[in-house]
Amino acid sequence: MWIYEKKLQYPVRIKKPNPKMAAAILSQYGGPDGELAASLRYISQRHHMPIPEAKGMLNDIGTEELAHFEMVGSMVHQLMKGATIDQIKAAGVESWYTDHDRATWPGTGTGVPFTASYIMSKGDPIADLTEDMAAEQKARATYEHLIDLADDPDVIDPLRWLREREVVHFQRFGEILNKLYEWKDSKKYF
Amino acid sequence: MMRPDQKQMLLDKIRAYEFSAAELNLYLDSHPGDQRAINDYNTFVRQIAALKNEYERLYGPLLNFGFGPNANRNQWQWIDDPWPWENN
Ligand SMILES: [Fe+2]
């Protein structure tokens, strides 16, 4: 089971509303390479992993991604919270306001809803871990795009931290992929 | 009332220790025989438990569902504001 801990994994303290940045960051909440997709991908794939290291890693990184989902949601919420109607119009996010007011919603800033077609669970551990490594690189690239778009240090700081985590996850998944190849070889010869 | 800066400082400390433990945890998932890392991990576990104890006694529960105490005997503290997503 999962237990909620009443704190963020890394603090998010944004003082200035910015609906345009909120719309950009929303992609890491419910978009193609976002934290929700990451978490659901790993937590689904863990069931069919053949070695303890792979089960543990997918379970634990899948759990950490949920904490990142919470951080990204907090960023979006804080960027939208005090936004005035004029700021929302100037940012061109009237369609967000029409459907959601200032609410956080799992989709992209252009209104594309979250879908399970962003993720795969193939049942082949090597294929799945290879997807996971690509997913971490795509998430890293997305955070870099967001850092390029941001100018508020309160926004850039957690984005940088989240980017770093993708680099670590990529490294850890690479170690697991090697172990899965060893596992596959050992099955062949023994 | 409690001074919020003290509360934040303690929470930041818990966060830092928990982060180190999480990093070691992921590392150990792929290096389960690394004795030094296990030792470091267990050291963090003890420090985190002590810090969380102190935090929950002073400021209310970090965990619910039976994993953290409600120190106030008259009032359910779990729902106290602020929640983590609220900037404060
Ligand atoms: Fe990740």
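See the structure printed just above.
Since the model is a prediction, treat every value here as computed from it, not as a measurement.

What follows covers the overall build of chain A. Looking only at helices and strands, one finds eight helices and zero strands in chain A. Listing each helix as α and each strand as β along chain A from the N terminus yields α-α-α-α-α-α-α-α. Summarising its shape, the C-alpha atoms of chain A cover approximately 70 × 30 × 30 Å along the three principal directions. Buried residues in chain A amount to 48% of all 190 residues. Of the contacts formed within chain A by residues at least 6 apart in sequence, a portion of 78% connects residues at least 24 apart. Per element, the accessible surface of chain A, about 8800 Å² overall, is 56% carbon and sulfur.

Another point: the interface of chain B and chain A. Each partner contributes to the interface: chain B provides 32 residues, whereas chain A provides 32 residues. The contact between chain B and chain A buries some 2500 Å² in all, and 57% of this surface belongs to carbon and sulfur atoms. Interface area lost by chain B to chain A is led by B:Arg15, B:Leu26 and B:Pro84, which between them contribute 24%. Where chain B touches chain A, the interface holds 12 residue pairs in polar contact (both at pLDDT 80 or more). The residue makeup of the side of chain B that touches chain A, split by class, is 17 nonpolar, seven polar and eight charged.

What follows is about the nonpolar core. Residues and elements named next belong to chain A. Among the nonpolar cores identified, the biggest contains 31 residues, and Ile25, Met75, Trp96, Val155 and Leu159 are the most heavily contacted of them. Counting residues per element, the ones that place at least two in this core are helix H1 (19-25), helix H4 (52-81), helix H7 (125-149) and helix H8 (153-189). Sorting elements by how many residues they give to this core places H4 first, with seven residues. Apart from the residues within four sequence positions on either side, Leu159 is in contact with Ile25, Met75, Tyr143, Leu146, Ile147 and Ala150. Counting residues in each nonpolar core, the second largest holds 17 residues, with Met49, Ile61, Leu129 and Ala135 among its members.

Our next topic: the packing of aromatic side chains. This structure, assessed with the given rule, holds 10 aromatic pairs over all chains. Plain terms: the ring middles of A:Tyr29 and A:Phe69 are 4.1 Å apart, the flat faces sit at 10° to each other, and that makes the pair stacked. Residue A:Tyr29 is located in helix H2 (residues 27-30), and its partner A:Phe69 is located in helix H4; the two are separated by 40 residues in the primary sequence. When sorted by exposure, A:Tyr29 lands in the same class as A:Phe69, which is buried. Seen from their ring centres, B:Tyr55 and B:Tyr59 are 5.2 Å apart, and the 55° between their planes marks the pair as tilted. Of the two residues, B:Tyr55 and B:Tyr59 are both situated in helix H2 (residues 35-59); the distance of four residues between them amounts to about one turn of the helix. If you follow A:Lys6 out to its NZ or CZ, it ends over the ring of B:Trp83, 4.1 Å from the centre.

Criteria and cut-off values
Residues numbered from 1 in each chain as written. Chains lettered and ligands numbered in written order. Predicted model: local features only at pLDDT ≥ 70, side-chain atom pairs only at ≥ 80, totals over all residues. Heavy atoms only, no water. Helix = DSSP H or I, 4+ residues; strand = E, 2+ residues; numbered from the N terminus. Buried < 20%, exposed > 50% of the residue type's maximum accessible area, 1.4 Å probe, protein only. Contact = heavy atoms within 4.5 Å. Areas by Shrake-Rupley, 256 points an atom, 1.4 Å probe, with all protein chains shown as cover. Buried area = accessible area lost by both parts, 1.4 Å probe. Polar contact = N/O pair within 3.5 Å; in protein donor to acceptor, adjacent residues only side chain to side chain. Nonpolar A, V, L, I, M, F, W, Y, C, P; charged D, E, K, R; others polar. Core = buried A, V, L, I, M, F, W, Y, C linked by side-chain atoms within 4.5 Å. Phe/Tyr/Trp six-rings, centres within 6.5 Å; stacked < 30°, edge-to-face > 60°. Lys NZ or Arg CZ within 6 Å of the ring centre and 35° of its normal.

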